[in-house]
Amino acid sequence: MRSNSVRGAVDFYSGLLLAVLAVAAIFLLRDLEIGTASDMGPGYFPVAISIVLLAVGVFLIGRGLVLDGPQVSGMNWRPILFVSLSLLAFALLVDRAGLPIAIVAQVAIATLGSSERSFLQSLLFGIALAAASSVIFVRLLGVPMRLFP
Amino acid sequence: MIDVFSLLGHGFLVVLTPTNLFFCLVGAVLGTLIGVLPGLGPVATISLLLPATFALEPTTAIIMLAGIYYGAQYGGSTTAILVNIPGESTSVVTALDGYKMAQQGRAGEALAIAAIGSFLAGCFGTVVVAVAGPPLAGFAQRFASPEYFSLMVLGLISAIVLANGSVIRAIAMILLGLLIGMVGIDVNSGQSRLTFGMPELYDGVSFVAAAMGLFGVAEVICNLEDGIQRGLNAGRIGSLMPSRAVMRAVRWAVVRGTLLGTAFGILPGGGATVASFSAYALEKRVAKDSTRFGRGAPEGVAAPESANNAAAQTSFVPLLTLGIPTSATMALMVGALILHGITPGPTVITRQPDLFWGLIASMFVGNVMLIIINLPMIGIWVRLLLVPYRLLFLLILVISSIGIYSVNNSPFDLYLTIGFGILGYLLRKLDAEPAPLLMGFVLGPMMEENFRRSLIISRGDPLVFLQRPISLVLLVMSLALLITVAMPAIRRRREEVFQE
């Protein structure tokens, strides 16, 4: 996203994000009845909001193209990728393999997202966390979760 | 007045049960803890612990969650003063003069001023909640749908005006939040909206998943990217007892900060952060010699710390009397009340007197606990700063995952959280604050409901909002707010305040 071709990149890309979301919402809502002000259908309020959101998005796109503004600071893909993957791993494993394995897997993946890595220390910490959570949440607080595969 | 005292007495009876006292203490300790730890704020912590409060009585749950919020105001100042890292956004300005005082060997003095100011302001704020709550709720019982709709418009407009950063972005975030709030089955027609045919979304987007993603996960990602650096360099804390002269010097700063914070807390969209920034700006303005600020002026610690704590208490006024959240944290409290089967609104005080008066009494108790937790036990909290972030973020992720999973005992909400985490990260990259989004998300369904009902009553005539006097006044106030923010002179002033 480090682009110098757009004058106000922050405006441009946030406008683009909002406009895309608004258009997607309008598209998804297309089958719902709009109705009239006195007899509003389920589509009335959300479509109205989407249209205003689209207008704001288009305004920001325009401002980003015309006026100089702040650029988007560089993105680092590591944290966002590994943090998301670590949550995904937990979600996929918790019902199948049980809580302790899900936690260790999550910790192992999330550690890769940090720039200062000491894998062994994190792994030990993950095992400790798995043990502590199993005792505190499942045994003491009674959260219904599987402990074993 | 006598009535207030007897009701308050009843509140103390509610709090002084072992269970409630214990969870009040848990809230205060947790609040201090997350206040001290940078990178973990009250919004993330409260959403994290929401599922864990299911097993508790609603009153106990709210007492604990409230304790986390105002406890964080105390804890945040500790790190700001000792290591120049604000533990919370509400303590950003405290670091300016507090850290300078610490460098001059006056850390203990700064900590004591912050804690005493917070305590006095917290008690005053709580009195305001007790005195102003019931009459305001009585007044609000005259509200019908049009009034509620206009009130929410006023709330959202104030959130836009007081949000830091760009006005147009705040508007966009509220709209996006309103839209996300529409997801689910439409109550009136039974048709599903924006659910992608997924039955998990029929009840709407999970509040905990949205809040955890936008705040917890997105903040973790941002912190990992920036790499939080910290080191403990303030060696000695020094005497904890400020001298008489200093106490006299900060006396009026505490009063001004408290009054400003009280007002900002009640205002929709205000909240503790804006209050602390404004209090600092005000002190600088009224000081005879403003060059002392930034070089260790005790007023620069006293005023913002008093303001943020007063605001933390009084922001419960609109929540408990009108049912309208004024900040992201209060939006979470609405979520907590609803999860416990209580609809926030003007009837809470009369129908749930235990909850209202118990919460108020717990604020007094909690503030007393906090001053003890924070002053004599300061050394313990300082040591916590030695926990490296590369381990802390793992802890945050694991506890969040367990919490999100346990709301519905289904991994589906975790997928939502991933989506909201990525959205929250992108929004931060694009200079858009996700706090107004969360407010829009909570208010969305309520606004639509009241909007539709108003127009059914008026048979489609939109003038209904202008024909009812209370509604008209609220809308005129909204318009006035919008005009002030659009005026160049005020806009410049607003930017100045946020610059500092």
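Up top is the structure.
Anyway, here's the lowdown on the structure attached to this text.

What counts, and where the lines are drawn
- Residues numbered from 1 in each chain as written.
- Chains lettered and ligands numbered in written order.
- Predicted model: local features only at pLDDT ≥ 70, side-chain atom pairs only at ≥ 80, totals over all residues.
- Heavy atoms only, no water.
- Helix = DSSP H or I, 4+ residues; strand = E, 2+ residues; numbered from the N terminus.
- Rg over C-alpha atoms; globule rule 2.2 N^0.38 Å.
- Buried < 20%, exposed > 50% of the residue type's maximum accessible area, 1.4 Å probe, protein only.
- Axes fitted to C-alpha atoms, helices over the stretch in contact; angles between N-to-C directions.
- Parallel < 35°, antiparallel > 145°, perpendicular 65-115°, else oblique.
- Left-handed = near helix turned anticlockwise from the far one by under 90°.
- Contact = heavy atoms within 4.5 Å.
- Nonpolar A, V, L, I, M, F, W, Y, C, P; charged D, E, K, R; others polar.
- Buried area = accessible area lost by both parts, 1.4 Å probe.
- Salt bridge = Lys/Arg side-chain N within 4 Å of Asp/Glu carboxyl O.
- Expected span 1.5 Å × (residues − 1).
- Bend = angle between axes of the 7 residues up to and from the residue.
- Disulfide = S-S within 2.5 Å.
- Arc of directions from axis to C-beta.

If you tally the helices and strands in chain A, you get five helices and zero strands. Going from the N terminus to the C terminus, chain A shows its helices and strands as α-α-α-α-α. For chain A, the C-alpha radius of gyration of 23 Å lies well beyond 15 Å, the compact-globule estimate for 149 residues. If one aligns the C-alpha atoms of chain A with their principal axes, the spans along those axes are about 55 × 50 × 20 Å. When each of the 149 residues of chain A is scored for burial, the buried share is 45%.

Moving on, we get to the packing of helix H3 (residues 77–94) of chain A against helix H18 (residues 389–408) of chain B. H18(B) packs onto H3(A) with a crossing angle of 45° between their chain directions and a minimal axis gap of 11 Å. Between H3(A) and H18(B), the angle is such that the two are oblique. Of the two possible hands of crossing, H3(A) and H18(B) adopt the one that is right-handed. Residues A:Val83, A:Ser86, A:Leu87, A:Phe90 and A:Val94 of H3(A) pack against B:Leu397, B:Ser401, B:Ile402 and B:Tyr405 of H18(B). Broken down by class, the residue content of the contact of H3(A) with H18(B) amounts to seven nonpolar, two polar and no charged.

A few words now on unusual backbone geometry. Residue and element names in this part refer to chain B. The backbone of Leu194 shows a phi angle near 55°, a positive value even though the residue is not glycine. Mapped onto the fold, Leu194 is located in the loop between strand S2 (192–193) and helix H9 (207–226). Given the relative accessible area of 12%, Leu194 is considered buried. Phi is positive for Arg459, which is not a glycine, with a value near 55°. Relative to the helices and strands, Arg459 is located in the loop between helix H20 (435–457) and helix H21 (464–467).

Between chain A and chain B, the residue contacts involve 64 residues of the former and 54 residues of the latter. Carbon and sulfur atoms make up 78% of the area that chain A and chain B hide from each other, which totals about 5400 Å². Applying the counting criterion to the chain A and chain B interface returns one salt bridge. For the salt bridge of B:Arg169 with A:Asp11, the shortest nitrogen-to-oxygen distance reads 2.7 Å. At the level of elements, helix H1 (9–28), helix H2 (44–66), H3, helix H4 (99–111) and helix H5 (119–140) of chain A are the ones that each hand at least two residues to the side of chain A that touches chain B. A breakdown of the residues in the side of chain A that touches chain B according to their chemical character gives 43 nonpolar, 17 polar and four charged.

The next subject is helix H10 (residues 244–266) of chain B. Residues and elements named next belong to chain B. With 23 residues, H10 ought to run about 33 Å at 1.5 Å a step, and its terminal C-alpha atoms sit 33 Å apart, in line with that. The largest bend along H10 measures about 35° and falls at Val250. Here H10 has its buried residues at Val246, Val250, Ala253, Val254, Gly257, Thr258, Gly261, Thr262, Phe264 and Gly265.

On to the environment of B:Phe420, then. Residues and elements named next belong to chain B. Counting through the fold element by element, Phe420 comes out in helix H19 (residues 412–429). By relative accessible area, Phe420 is classed as buried at 9%. Ignoring any residue separated from it by four or fewer positions in sequence, one finds Phe420 in contact with Ile180, Val205, Ala209, Ala210, Gly213 and Leu214.

This brings us to the state of the cysteines. Residues and elements named next belong to chain B. Scanning all chains against the criterion turns up zero disulfides over all chains. Unpaired in this structure, Cys24 has its nearest cysteine sulfur neighbour in Cys123, at a distance of 12 Å. The class for Cys24 is buried, based on a relative accessible area of 1%.

This part is about the packing of helix H3 (residues 42–49) of chain B against helix H14 (residues 328–339) of chain B. All names here are of chain B. Their axes nearest at 9 Å, the elements H3 and H14 cross at an angle of 10°. Considering the angle they form, H3 stands roughly parallel to H14. Side by side, H3 and H14 meet where Val43, Ile46 and Ser47 of the first sit next to Ala328, Thr329, Leu332 and Met333 of the second. The residue makeup of the contact of H3 with H14, split by class, is five nonpolar, two polar and no charged.

Further remarks concern helix H22 (residues 469–486) of chain B. All names here are of chain B. The terminal C-alpha atoms of H22, which comprises 18 residues, lie 26 Å apart, in line with the 26 Å expected from a rise of 1.5 Å per residue. All of the buried residues along H22 are Ser471, Leu474, Ser478 and Val485. In an axial view of H22, the angular spread of the buried residues amounts to 70°, which keeps them on one side of the axis. In H22, the exposed positions angled more than 90 degrees off the buried face are occupied by Pro469 and Leu479.

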